[in-house]
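Per-entry structural report
Spelled out, the chains give:
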Amino acid sequence: MQKSFKDAKPTLYIVSTPIGNLKDITYRAIEILNFVDFILAEDTRTSGVLLNHYHIKKPMLSYHEFNKDDQQSRILNLLAEGKNLALISDAGTPGISDPGYEIIKDVIQANYHVVAIPGPSAILAALVTSGLIIQPFTYIGFLSRKKSQAKEMINSYQNRRETLVIYESPNRIQSTLELLHGCLGNRRISIARELTKTFETIIRTTLEEACQMEHNPKGEYVIIVEGNHQKETFEDESIEDHYKRYVDMGYQEKDAIKAVAKDRELPKNDVYQIIKNKH
Ligand code: SAM
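The residue count restarts for each chain, going from 1 along the sequence in the order it is written. Only residues with pLDDT of at least 70 are given local features in this predicted model, and only at 80 or more are side-chain atom pairs given and counted; all residues enter the totals for whole chains, interfaces and linings. Where side-chain values are given, they derive from all heavy atoms of the structure, hydrogens and water being excluded.

The subject of this paragraph is the packing of aromatic side chains. Both the distance between ring centres and the angle between the ring planes are used here to describe each pair of aromatic rings. Only centres within 6.5 Å qualify two rings of Phe, Tyr or Trp (six-membered ring in Trp) as a pair; their planes then separate them into stacked at under 30 degrees, edge-to-face at over 60, and tilted for everything else. This structure, assessed with the given rule, holds four aromatic pairs. Ring centres 5.2 Å apart and planes at 70° place the aromatic pair Tyr 139 and Tyr 167 in the edge-to-face group. You can see Tyr 139 sitting in strand 6 (residues 137–142) and its partner Tyr 167 sitting in strand 7 (residues 163–168), a full 28 residues away along the chain. Among the residues examined, Tyr 139 registers a relative accessible area of 27% and is labelled partly exposed. Between Phe 142 and Tyr 167 the ring centres are 5.7 Å apart and the planes differ by 75°, which places this aromatic pair in the edge-to-face class. With Phe 142 in strand 6 and Tyr 167 in strand 7, this pair connects stretches of sequence that are 25 residues apart. Feature note: the residues Tyr 139, Phe 142 and Tyr 167 constitute an aromatic cluster, connected by ring pairs. Secondary structure elements follow DSSP: runs of H or I of four or more residues count as helices, runs of E of two or more count as strands, with numbering from the N terminus. Three labels apply to residues, based on accessible area from a 1.4 Å probe with only protein chains included: buried if under 20% of the type maximum, exposed if over 50%, partly exposed otherwise in between.

As structure tokens, this is what we get:
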């Protein structure tokens, strides 16, 4: 028999809420928000607008970046008393580049139920409207505010084939596009602004062209960047070093040989013979 959510007490529900358009909420999210004893909200004023809109009258507890350590024991105590809780953030899915991860981890560690009520997140909306290859993708989130660290981070993705998803604030969009262009060269990108809102804009262009455009210094942005689809030549790396790189990453010997053979489009046995002769 399938358990209803009401059987699983006490539980922390991770409830996704709209990223702009208030209608983007699931029936189940509303049901859970009406059911729980307390709602943990990142900003009680922001979440108050959503809860008022749906006539949800539940006590809210603030849980944000600056009080999360103080609130931890309070939240665990509420669960110990048998209370059900919902975690929401200002927008989208709690834990995705907003507070939530820590308390989710603590609640799991304390052996209480954690249940996701899936819904909006800017990642997927930006990705599926980009027109770029969707799988595989890597969610980077916000880059470091320190330019040298941001640069280092982007450079580490330079040779990766997967599509990259980056969150950015409006006042840094221009400089981030320039940094991406400098590190990754010219690639196709999609810039999603104000998704699901009245002034939603999606610009599908290249990094070079995007750097020459003027971007609205207001609103919320997601940048989707095409992965590196240039064929690697491995000119500067011997087959043995290439193999060792995979072994250092934790690959079993035979899997490392398979990976090297695939990367270089060589027969597995040729790679095997070269590695065997070196050892
Ligand atoms: N938890 C959220 C989620 O699931 O997408 C993300 C929260 S993070 C603090 C806020 C960032 O998400 C913004 O700076 C922006 O990069 C992105 N974002 C949120 N809503 C958006 C929207 N409507 N349009 C474009 N980007 C959005």
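Having seen it, we continue.
Criterion used throughout: strands pair if DSSP finds at least two bridges between them. As paired elements, strand 6 and strand 7 share five bridges and run parallel to each other. The residue of strand 7 that forms the bridge with Phe 137 is Thr 163. With helix 6 (residues 147–155) bridging strand 6 and its parallel neighbour strand 7, the resulting β-α-β unit is right-handed. By convention, orient the strands away from the viewer: a clockwise path from the first strand over the helix to the second makes the crossover right-handed.

Let's shift gears to helix 7 (residues 173–184). Under the convention used throughout, the expected extent of a helix is 1.5 Å for every residue step, that is, one less than its residue count. Taking 1.5 Å of rise per residue, twelve residues should cover 16 Å, and helix 7 covers 16 Å from first to last C-alpha, within 8% of that figure. Turning to helix 7, its buried residues number three or more, namely Ile 173, Thr 176, Leu 177, Leu 179, Leu 180, Cys 183 and Leu 184. End-on view of helix 7: buried residues confined to an arc of 160°, all on one side of the axis. In this structure, the buried side of helix 7 is in contact with helix 6, strand 7, strand 8 (188–193), helix 8 (207–212) and strand 10 (221–225). Two residues or fewer after helix 7 comes Gly 185, characterised by a positive phi angle close to 80°. The directions from the helix axis to the C-beta atoms form the arc being described. Two residues form a contact once any of their heavy atoms are found within 4.5 Å.

Looking now at the domain arrangement of the chain. Where each domain begins and ends follows an automated or database-derived domain assignment. Domain assignment breaks the chain into domain 1 (11–120), domain 2 (123–225) and domain 3 (239–278). One C-alpha centre belongs to domain 1, the other to domain 3, and the line joining them spans 47 Å.

A few words now on helix 9 (residues 239–248). Owing to its 3.6 residues per turn, the α-helix aligns residues three or four sequence positions apart on the same side. Those residues of helix 9 that fall on the buried side of the exposure criterion are Ile 239, His 242, Tyr 243 and Tyr 246. Projected down its long axis, helix 9 shows its buried positions confined to an angular sector of 100°, all on one face. The elements touched by buried residues of helix 9 are helix 10 (253–264) and helix 11 (268–278). Downstream of helix 9 by a residue or two, Gly 250 has a phi angle that is positive, lying close to 105°.

One open sheet accounts for five strands, arranged 6-7-10-8-9; its pairing is mixed. A strand with exactly one partner marks an edge of an open sheet, and here the two such strands are strand 6 and strand 9 (201–206). Across the sheet, the mean angle from the axis of one strand to that of its neighbour is 15°, orientation sign disregarded. Note that strand 7 and strand 10 share five bridges and pair antiparallel. Bridging from a neighbouring strand, Glu 168 pairs with Tyr 221 of strand 10. Where helix 7 meets the sheet, its contacts fall on strand 7, strand 8 and strand 10, and the angle it forms with strand 10 comes to roughly 10°. To get an axis, fit a line to the C-alpha atoms, keeping to the stretch in contact for a helix; angles then go from 0 to 180 degrees between the N-to-C directions.

What follows deals with the pattern of salt bridges. Take a side-chain nitrogen of Lys or Arg and a carboxyl oxygen of Asp or Glu: if they are within 4 Å of each other, that pair is a salt bridge. Summed over all chains, the structure comprises nine salt bridges. Where Glu 65 meets Lys 68, a salt bridge forms, and the shortest distance between an N and an O atom there is 3.0 Å. Of the residues examined, Glu 65 reaches a relative accessible area of 43% and is grouped as partly exposed.

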